[in-house]
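In case you want the letters, here they are:
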Amino acid sequence: MTVRVAAVADLHMRPAVAGKFRPEFLRLAEHADILLLAGDLTEGGRIAEAELLRAELAGVPVPMVAVLGNHDHDRKQGYRIAAMLGALGVRMLEGESTVLEVAGVRVGIAGVMGGSGGFPGHPGDPENANPEHRERMRRGPLDAELLRQTLETLDTDIRIALMHYSPVVDTLVGEPIRIYPGLGCHELATAIDRGAADLAVHGHAHAGTESGQTPGGVPVRNVSYPVLRRPYAVYIVEPTETVPPPAGAAL
């Protein structure tokens, strides 16, 4: 039995795009079983933008799971945006997991925002970064550890890692190389591999590439709307026999 996973990120909801995604969202059940939202759901973290987002998602006929992105925290109202979406029925994740059952298949989704920190060959430099970027570089490895731990707790047929920042360089191709360190963190990929995920989904890299994979071969998809150029992408995921490593295994 396969599961159809729809995903999108970087809607950057604002008056200029209000209503743009809704017609396709309302027909989701024809094409997908789950909708994943991978952050930057609002343009600048404004409550008015979150209200527009709620109107966009109201009545979506499949379960929705989301993480917030950096722009959803721009005005330090991320907790309110998460609560508003939660009240609509969206399962909001921040270092947590949720389990959905689709036609007898148990799908576990672990979610974090993630952060930057860089990649081999593209290291971050937190000491010379401004305070905001320094905090994001510190958050990357911390959220990677949360992601690993959360994936390892999932006793499900399918495990999906949902985040905003990229875990691999593959899906950054198209972005200026000099900004790679600010777009993701390689420790997220390590967490995905150690947690035996079947699929990893992220956004954030607007000029990147849709498809990549972790060093361990887990498919990674950049579902930023500017990359997809469609309201969502659908990925077919099959249950695997992979057994995650014991809880507490080191990154």
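Now for a description of the structure that goes with this document.

About the cut-offs
Residues numbered from 1 in each chain as written. Predicted model: local features only at pLDDT ≥ 70, side-chain atom pairs only at ≥ 80, totals over all residues. Heavy atoms only, no water. Pairing = 2+ DSSP bridges. Helix = DSSP H or I, 4+ residues; strand = E, 2+ residues; numbered from the N terminus. Axes fitted to C-alpha atoms, helices over the stretch in contact; angles between N-to-C directions. Buried < 20%, exposed > 50% of the residue type's maximum accessible area, 1.4 Å probe, protein only. Lys, Arg positive; Asp, Glu negative; His and termini not counted. Salt bridge = Lys/Arg side-chain N within 4 Å of Asp/Glu carboxyl O. Contact = heavy atoms within 4.5 Å.

A short note on the sheet that holds strand S10 (residues 199-202)
Sheet strands pair by backbone hydrogen bonding; their relative direction is either parallel or antiparallel.
Right, so step 1: Pairing within the open sheet is mixed, and its six strands lie in the order S5-S6-S9-S10-S12-S11. The sheet terminates laterally at strand S5 (96-102) and strand S11 (211-213), the two strands that pair on one side only. Shown here is a sheet whose adjacent strand axes are inclined to one another by a mean of 25°, direction ignored.
Right, so step 2: Judged from the three bridges that link them, S10 and strand S12 (residues 219-222) form a sheet pairing that is parallel. Within S12, the position partnered with alanine 200 by the bridge is valine 220.

Re the environment of proline 15
Right, so step 1: Looking at the element boundaries, proline 15 is found in the loop between strand S1 (3-8) and helix H1 (22-26).
Right, so step 2: Taking C-alpha positions, proline 15 is 7.6 Å from glutamate 49, a pair spaced 34 residues apart along the chain.

Some remarks on the sheet that holds strand S4 (residues 91-92)
Right, so step 1: An order of S4-S3-S2-S1-S13 is seen for the five strands of this open sheet, with the pairing classed as mixed. Each edge of the sheet is formed by a strand with only one pairing partner; in this case those strands are S4 and strand S13 (233-237).
Right, so step 2: By the bridge criterion, two bridges tie strand S3 (residues 64-67) to S4 in an arrangement that is parallel. Across the sheet, valine 65 pairs through a bridge with arginine 91, a residue of S4.

Notes on the side chain of aspartate 198
Right, so step 1: Tracing the sequence through the fold places aspartate 198 in the loop between helix H6 (186-194) and S10.
Right, so step 2: For the buried aspartate 198, no salt bridge is present, and the opposite-charge side chain at shortest range is arginine 159, 4.9 Å distant.
Right, so step 3: What aspartate 198 contacts, discounting residues up to four positions off in sequence, is Asp157, Ile158, Arg159, Val218, Pro219, Val237 and Thr240.

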